[in-house]
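A structural walkthrough
Here is how the chains run, residue by residue.
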Amino acid sequence: MLLKLSVLLTSASFVAAQDVDPVAVDFDPDALRFSCSDASATPSTPLHVADIDTTYSEVTVLLDPIGDIGLNASSPEDGKGRMCVLSRWTKALEDKAAGEGYYYPLGRSVDGISGELNGNDGDWNRPAGHSAWQLGYSCGVANNTGTNFAVGEYMCEVTLPKTSKQNLKNPMLTDELNTPYYVTYYERALSLRNELARFLHLTTFGPTSAELDALEETYASIKDGTASASRRLQGGGKGPGKDATAAETTATDNTTDTSAAAAADNSTDTSSTNTTTAATSLSHSEAMSKLQIDWVKAQMDPTTFSSGQFSSHRQYWRKRLNPRRWETYRIGEAGPAPCELHSRWRKFAFTDYDVQNSRSLRWGNVELGSSYQTQVGHKVTVETVTLSGVPSASPSISFMPSLSSAPSPLPTTASPTGTPTESLTGKPTISMAPTAANILGFADMEDATDQQILNAWPAKLPTAVIRLDPDITDPALDPNTPLVHSGSTSLEVIEGRGFVMRQIGGDCPASRLKEPISAGDQLRISFWVRMKAANKVIVLYTGHYHESKPKPWAIQRDDSNIISRTRINKANEWTRIEAVHTVGDDWTWDSELLPPEKCNHYQLRIRADATLAGYYLDDFKVEKVASGSASALTARDVSYGFLKNPNFSMSFQYWKAISAAGDTVFDADQGKEVARLKRNRRLMQNIVAEAIPGEKYQFAFWAKLSGTASVKTNIIVRMRFENDDIVNGVCRRPVCNIFLRPLTTTIESKGRQWQRIVSDEFTMFGNYTKWPGQPSFILFTMLTKDMASSGELRVSNFEFLGEHS
């Protein structure tokens, strides 16, 4: 049995935690206070602390130490270990119900373990490792009075950090995370033998039954006061190095290590004799502490060893050391004494040194009259024999075509293939030419060659043209019939991540675009799509290129490039998507209008969001909406208050099309597109350009809930401020995140009827134009909490009250 070098006489593991004079602490007077008293009723079962919410800001809480919680009043000296643990789940509560995530420990209060700072028994501590490095527990007596405590009460305080983090890919977004917190009470009744075994596990390489028996006997005599004054724990016994003689010690280790660390090899021999009896009996903790201290002292006292001297770990190791021999005396020889005890053999014959020695053979050293003999190289000639007339095992191959190998002539009359040949003129036909009703050429995929269609619809992922077979007269028998919406042709996006595009920029030829597109134009865009997988999202948006932007293809910060975001619920069904897009903001960068110069500098793009599944496209249509017509958008359709596209008349334009975003859907009651939020989805818009600093706002919207009785709904306005003054600025950080919560409510289903929801009145952060710095974005976010998986919230018609109505 070897005593570990890390064992010290003053180790906290051997001495019971001692209370020190508590320090006076000024605690947060408004902080919530929690204890393990309720959790102690159900040990090992986490108790959810619903009042802690660190989604958007850090929270300071007060915690009671373990104290007497769970202790048996009738038998306080029962040897039961008690601990209280504070933890949080790594995922949201609804994800926990789905089995995702795990408990993340934040702190613990353990009976008998001192605190990090003040050193009092049971104080709250951080767990081991880096899991809670950012936390700090402050324990002491309250020096002030608060909502949940009075002067003189002893407790601990900790500040829990905000759980939502900035999105790594897009700093304008926040990955919101509302994690639940838990307190858990644990207790364990440890038998005396297990406690002794734990002690030996800590201080040696493992206990033996004999040692445990001896320590139990010693503990009993110490506890009941019958231990003799001369009764001592001996440090002798068997172990590595015990059989080393003095001669061996001198030969292998000229410097015998007599420090306490050298006692690392001494195991415990607890044989003893009784002579004089102690006077008083001790408690369990006192007896255990005395036993452990006496044991450590005995390990450091060589007079208690059976050999009477310290053993040497170094001596034991050096005697048995037999490293791999890199150099051999003879080539391939195992060693100078292959039959000697403890000789070591390798599993291979030659090493790199053998290769070197093969060039210069060593037959002894120079002092003995020998020398190095070098082998002189010589030339070896290899005779080359050329064989001829030998029959080959392979058939002969002729590289000249014979008459029989010539290709047979093609038939003079070509059979129909169902695909137009390249002999077409290449000029637009009536179907594929743009018109006033559809300014986009090659929009319906008809009357063009495959290559013409692929050229008109380039893509960043594999595509193909789907055609009906003209030889099959019955469409029901053609396997491609379901893959074409109308006519005989469609475009297939096979699979992968990327997008399909149409170039509609400045100098597009008349065969591609009927007339140029200008800033201020309203485009009504529609097309049909057939998804290969269910419950996927199709996003229609624009791409804009201009060399005056920091990056020519940079995306607009206000999401004005988003046209629509539509969820396709069913696979293998054709779905029509229609949206109105206003051109101009998606050409603007830093308030400067940058019209596209070339045809490919402005593009319509279609992609499937967050999926590799493919889809089919057909019957694309783009028409300009005449100004003043019944279908033209009004000013309030485009902008109202600080919101762009508040009624979703332009589908999803200006709303962020992130993977966690909602989508739009046609609502029969309203007869138009509305926004839709499913579980864990949200609506987000950057309003920094439209919001007025310090202005008072109040808004309303219409909502319809289905699939669940009610849902908690929040609207949050978050400013990300680039702070130039961390001393006197709005916060003491280079980047400040400031939140407003104009709406926190519960929306009820009410028979799936549309209902009007009104927010609180709020001020837009004050006059932040005078703050040292500038806002990088102000994000308007609507989200639901704990919505059932079957729930669906539809939102429409944002309006503003008061001065902005």
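Keep in mind that what you see is a predicted model, and the values were worked out from it rather than measured. (Residues numbered from 1 in each chain as written. Predicted model: local features only at pLDDT ≥ 70, side-chain atom pairs only at ≥ 80, totals over all residues. Heavy atoms only, no water.)

1. Here we look at helix H3 (residues 209-223)
Inclusion rule: Only runs of H or I of at least four residues qualify as helices and only runs of E of at least two qualify as strands under DSSP, and these elements are numbered from the N terminus. Any helix carries an expected span of 1.5 Å times its number of residues minus one. The cut-offs for exposure are 20% and 50% of the maximum accessible area for each residue type, with area from a 1.4 Å probe on protein chains only; residues under the lower value are buried, those over the upper are exposed, and the others partly exposed. Throughout, a contact is declared for two residues whenever any of their heavy atoms are within 4.5 Å.
Taking 1.5 Å of rise per residue, the 15 residues of H3 would be expected to cover 21 Å, and the 21 Å separating its terminal C-alpha atoms lies within 8% of that figure. Those residues of H3 not exposed but buried are Glu211, Leu212, Ala214, Leu215, Thr218, Tyr219, Ser221 and Ile222. In this fold, the buried residues of H3 make contact with helix H2 (192-203) and helix H5 (284-299). Count one or two residues on from H3 and you reach Gly225, which has phi positive near 80°.

2. Overview of the state of the cysteines
Threshold: Our working definition of a disulfide is a cysteine sulfur pair at a distance within 2.5 Å.
A complete count under the given rule lists 4 disulfides for this structure. One disulfide bridge connects Cys36 with Cys84, the sulfur atoms lying 1.7 Å from each other. With the S-S dihedral at roughly 80°, the linkage between Cys36 and Cys84 falls on the right-handed side. Residue Cys36 is located in the loop between strand E2 (32-34) and strand E3 (47-49), and its partner Cys84 is located in strand E5 (residues 80-89); the two are separated by 48 residues in the primary sequence.

3. What to know about the confidence of the model for the protein chain
For clarity, the threshold we go by: Per residue, pLDDT captures the predictor's confidence, and it can take any value from 0 to 100.
Across the protein chain, the average pLDDT comes to 80, with 76% of residues at or above 70. Every residue in residues 1-17 scores below 50 in pLDDT, and together they form 57 contacts with partners more than four places removed in sequence or on other chains. The model gives residues 328-336 a pLDDT under 50, and that stretch makes 20 contacts with residues more than four places away or in other chains.

4. Observations concerning the pairing of strand E35 (residues 755-758)
We apply this condition: Paired strands, in this sense, are two strands between which DSSP finds at least two bridges.
Only one face of E35 is buried, namely the one carrying Gln755 and Ile757, since none of Arg756 and Val758 on the opposite face is buried. As paired elements, strand E32 (residues 699-706) and E35 share 4 bridges and run antiparallel to each other. Opposite Phe701, over in E35, you have Ile757 as the bridge partner.

5. As for unusual backbone geometry
Residues other than glycine seldom take positive phi values, yet Asn572 does so here, at roughly 60°. Examined against the element boundaries, Asn572 turns out to sit in the loop between strand E20 (562-568) and strand E21 (574-582). Using a relative accessible area of 42% as the deciding quantity, one classes Asn572 as partly exposed. Positive phi is not limited to glycine here, since Asn797 has a value of about 55°. On the secondary structure map, Asn797 appears in strand E38 (residues 792-800).

6. A word on the sheet that holds strand E1 (residues 24-25)
If you trace the 5 strands from one edge of the open sheet to the other, you get E1-E8-E9-E4-E2, paired in mixed fashion. The open sheet has two edge strands with one neighbour each: E1 and E2. Inspection of the sheet shows E2 paired to strand E4 (residues 59-63) by 3 bridges, in the parallel sense. What sits directly across from Leu32, in E4, is Val61.

7. Considerations on the side chain of Asp478
Here is the rule we go by: The charged-residue count follows a simple rule in which Lys and Arg add positive charge and Asp and Glu add negative charge, with His and chain termini not counted at all. One speaks of a salt bridge when a side-chain nitrogen belonging to Lys or Arg is within 4 Å of a carboxyl oxygen belonging to Asp or Glu. Residues adjacent in sequence count toward polar contacts only when both atoms are side-chain atoms; beyond that, a polar contact is any pair of N or O atoms within 3.5 Å, and within protein one must be able to donate a hydrogen and the other to accept it.
Counting through the fold element by element, Asp478 comes out in the loop between strand E15 (463-467) and strand E16 (489-493). Among buried charged residues, Asp478 stands out as having no salt bridge; its nearest opposite-charge side chain is Arg467, 11 Å away. At a separation of 2.7 Å, a polar atom in the side chain of Asp478 contacts the main-chain amide nitrogen of Asp469. Side-chain polar atoms of Asp478 contact the backbone nitrogen of Asn480, separated by 3.0 Å.

8. What to know about the environment of Lys96
Considering the arrangement of structural elements, one finds Lys96 in helix H1 (residues 93-97). On the basis of relative accessibility, which here comes to 23%, the residue Lys96 falls in the partly exposed class. Spatially, the C-alpha atoms of Lys96 and Pro180 are 9.1 Å apart, while their sequence positions differ by 84 residues. The contacts of Lys96, once residues within four sequence positions are left out, are Trp89, Tyr103 and Tyr182.

9. A closer look at the packing of H3 against H5
What counts here: In this analysis an axis means a line fitted to C-alpha atoms, helices contributing only their contacting stretch, and an angle means the value between N-to-C directions, from 0 to 180 degrees. Every angle not falling under 35 degrees, over 145, or within 65 to 115 is termed oblique; those three ranges are roughly parallel, roughly antiparallel and roughly perpendicular. Left-handed describes a crossing whose near helix is turned anticlockwise from the far helix by less than a right angle; the clockwise case is right-handed. Residues are grouped as follows: nonpolar covers Ala, Val, Leu, Ile, Met, Phe, Trp, Tyr, Cys and Pro; charged covers Asp, Glu, Lys and Arg; every other residue, Gly included, is treated as polar.
Remark: H3 packs on H5, axes separated minimally by 9 Å, with the N-to-C direction vectors making an angle of 125°. It follows that H3 is oblique to H5 by the angle criterion. Relative to H5, the crossing made by H3 is right-handed. On H5, the residues touching Leu215, Thr218, Tyr219, Ile222 and Lys223 of H3 are His284, Ala287, Met288, Lys290, Leu291 and Trp295. When grouped by side-chain class, the residues that make up the contact of H3 with H5 number 7 nonpolar, 2 polar and 2 charged.

10. Brief notes about the environment of Ala456
Assignment of secondary structure puts Ala456 in helix H8 (residues 450-456). Spatially, the C-alpha atoms of Ala456 and Met445 are 9.4 Å apart, while their sequence positions differ by 11 residues. If we skip the residues at most four places from it in the chain, Ala456 touches Phe442, Met501, Arg502 and Arg512.

11. What about the environment of Thr55?
Take Thr55: it is sitting in the loop between E3 and E4. Setting aside anything within four residues of it in sequence, one finds Thr55 in contact with Lys162, Thr163, Ser164, Leu177 and Asn178. Within polar-contact distance, the side chain of Thr55 engages the side chain of Asp53 at 2.5 Å. A distance of 3.1 Å separates polar atoms of two side chains, one belonging to Thr55 and the other to Asn178.

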